[in-house]
Amino acid sequence: MMDLRGRDLVSMDDLTAEELWAVLDFARDLKRRGERADRPQPLSGRTLAMIFEKPSLRTRVTFEVAMYQLGGTSIYLAPQDAQLGTRETIPDAARNLERWVDAIVARTFAHSTVVQLAEHARIPVINGLSDWEHPCQTLADLLTVYERFGGFRGITLAWVGDGNNVCHSLLLGAAKVGLNLRVATPPGHAPEPEIVQNAERQAQTNGATIGQTIDPAEAVRGADVIYTDVWASMGQEQEHTQRVRLFRPYQVNAALLRQARPEAVVLHCLPAHRGEEIADEVLDGPQAIVFDQAENRLHAQKALLAMIL
Ligand code: CP
Ligand code: NVA
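Report follows, based on the coordinates. Given the structure is predicted, the values throughout are model-derived calculations rather than measurements. (Residues numbered from 1 in each chain as written. Chains lettered and ligands numbered in written order. Predicted model: local features only at pLDDT ≥ 70, side-chain atom pairs only at ≥ 80, totals over all residues. Heavy atoms only, no water.)

### Here we look at the site of ligand 2
Around ligand 2, the neighbouring residues are L129, N165, V166, D229, V230, S233, M234 and L270. One of the side-chain nitrogen or oxygen atoms of D229 is found 2.6 Å away from a nitrogen atom of ligand 2. A distance of 2.8 Å separates an oxygen atom of ligand 2 from a polar backbone atom of M234. A total of 270 Å² of accessible area belongs to ligand 2 in isolation, and the protein chains cover 96% of it. A molecule is said to occupy a pocket when more than half its atoms come within 2 Å of that pocket's grid points, and by this definition ligand 2 occupies the largest pocket. Split into classes, the residues belonging to the shell around ligand 2 amount to 5 nonpolar, 2 polar and 1 charged. (Near = heavy atom within 4 Å. Polar contact = N/O pair within 3.5 Å; in protein donor to acceptor, adjacent residues only side chain to side chain. Areas by Shrake-Rupley, 256 points an atom, 1.4 Å probe, with all protein chains shown as cover. 1 Å grid on protein atoms, 1.4 Å probe; cavity = no way out; pocket = protein on both sides within 12 Å on 5 of 7 lines; lining within 4 Å. Sits in = over half its atoms within 2 Å of the grid points. Nonpolar A, V, L, I, M, F, W, Y, C, P; charged D, E, K, R; others polar.)

What follows is the structure, given as structure tokens:
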């Protein structure tokens, strides 16, 4: 198995294409072995600290279950517990944690918080979502697309909605595995140019294309996968009303889905705000595979943990 021991996953770009493929391959292997008696428990005696500045269902539960299934354990620190940078400096928190635990997952507002943790802790640090990226989500997303289509070559994913954290990691991940991406965002909400340029460079090497538009129909036309995310991310609640107005034409509903290929599937990182970025008819319809996608968070993160720890 490829040796990733000691590595951080702060950005999707922390993994090379080859390393990303290795994580995805191992995730498929672990998923196949899921309930069987030969389920490996390589993390016996190991502990994961999980520092969360924002709420979570999927990320928290899948990391806790992943550690348990791999033979280790985890400690959850709620927003009021760690208070990174307030109760003590981020480097000091990192220098404490590395003495007791074997890895850290951090869900932060500022991306710089998880970057600083990684810089100052001599143990692996995993980004469990920051305002800039959500690399663990991308691992699960790619696993889900791979399972559905048997590969990425010639497959096109249309991103419809806000071009922020989840979109950023997906851009980088898709570029590495050679999945085509078309991003449709309202003006002012496109992914950051530095991410897009980086993804374009890597996509070129890996035989994929990246496109950007403000027209959701153009992005979705003939696509194999449609992916959306909430219009107001955690921390942007005060912008909700104004964003709903701006993003309304970007709702993934039956009319938009009809523009994609008939066998297209729909992804959503969840939580979904039903009736906003996604209509019930789509989320509850036969083309949505969002719960397979959510399940894959577990398999992907088990692979990641087993490889970096
Ligand atoms: N998709 C995702 O990260 O979900 P949570 O916010 O519930 O962890
Ligand atoms: N973009 C969303 C993703 C949640 C998993 C947020 O940051 O709230």
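### Remarks on the environment of A49
Following the sequence through the fold, A49 ends up in strand β1 (residues 47-52). Take A49: its relative accessible area is 1%, and that puts it in the buried class. C-alpha of A49 to C-alpha of W100: the two residues are 51 residues apart in sequence and 9.1 Å apart in space. Residue contacts for A49: discarding those within four places in its chain leaves I75, L77, L97, V101, A103, I104 and V105. (Helix = DSSP H or I, 4+ residues; strand = E, 2+ residues; numbered from the N terminus. Buried < 20%, exposed > 50% of the residue type's maximum accessible area, 1.4 Å probe, protein only. Contact = heavy atoms within 4.5 Å.)

### Re the nonpolar core
A general trend in soluble globular proteins is that nonpolar side chains are found buried together. Judged by nonpolar contacts, the single largest core of 64 residues is most densely connected at L139, L157, L171, L179 and L305. In contact with L157, not counting residues within four places along its chain, are V145, L170, L179, N180, L181, R182, V225, Y227 and L267. (Core = buried A, V, L, I, M, F, W, Y, C linked by side-chain atoms within 4.5 Å.)

### Comments concerning the layout of surface pockets
Computed from the structure, the largest pocket encloses a volume of approximately 350 Å³. Around the largest pocket sit 24 residues that line it, and R107, L129, M234, L270 and P271 are the ones nearest its centre. Contributing elements (two or more residues each) for the lining of the largest pocket: α2 (58-69) and α7 (165-177). Partitioning the lining of the largest pocket into residue classes produces 10 nonpolar, 8 polar and 6 charged. Computed from the structure, the second largest pocket encloses a volume of approximately 250 Å³. Lining the second largest pocket are 18 residues, and of these D131, D162, N164, E192 and Q236 lie nearest its centre. For the lining of the second largest pocket, the class distribution of residues is 5 nonpolar, 9 polar and 4 charged. (Points joined across faces, edges and corners; volume = space filled by probe spheres on them.)

### Observations regarding the side chain of D162
Looking at the secondary structure, you find D162 in the loop between β5 (156-160) and α7. There is a polar contact of 3.1 Å between the side chain of D162 and the side chain of R243. Ignoring sequence-local partners within four residues, the contact set of D162 consists of C167, T185, H189, V230, W231, S233, Q236, R243 and F247.

### Digging into helix α13 (residues 290-308)
If you check α13, its first and last C-alpha atoms are 27 Å apart, about what 19 residues at 1.5 Å a residue would give, namely 27 Å. A maximum bend of about 25° is found in α13 at N296. Where burial is concerned, most of α13 is hidden: 16 out of the 19 residues are buried. (Expected span 1.5 Å × (residues − 1). Bend = angle between axes of the 7 residues up to and from the residue.)

### What about the site of ligand 1?
In the vicinity of ligand 1, the contacting residues are S56, L57, R58, T59, R107, H134, Q137, C269, L270 and R297. Between ligand 1 and Q137 there is a distance of 3.0 Å, counted from a nitrogen atom to a side-chain nitrogen or oxygen. Coverage of ligand 1 by the protein chains reaches 96% of its 250 Å² of free accessible surface. Because more than half of its atoms lie within 2 Å of the grid, ligand 1 is assigned to the largest pocket. Split by residue class, the shell around ligand 1 holds 3 nonpolar, 4 polar and 3 charged.

Bear in mind that shape data such as this cannot, by itself, settle questions of function.
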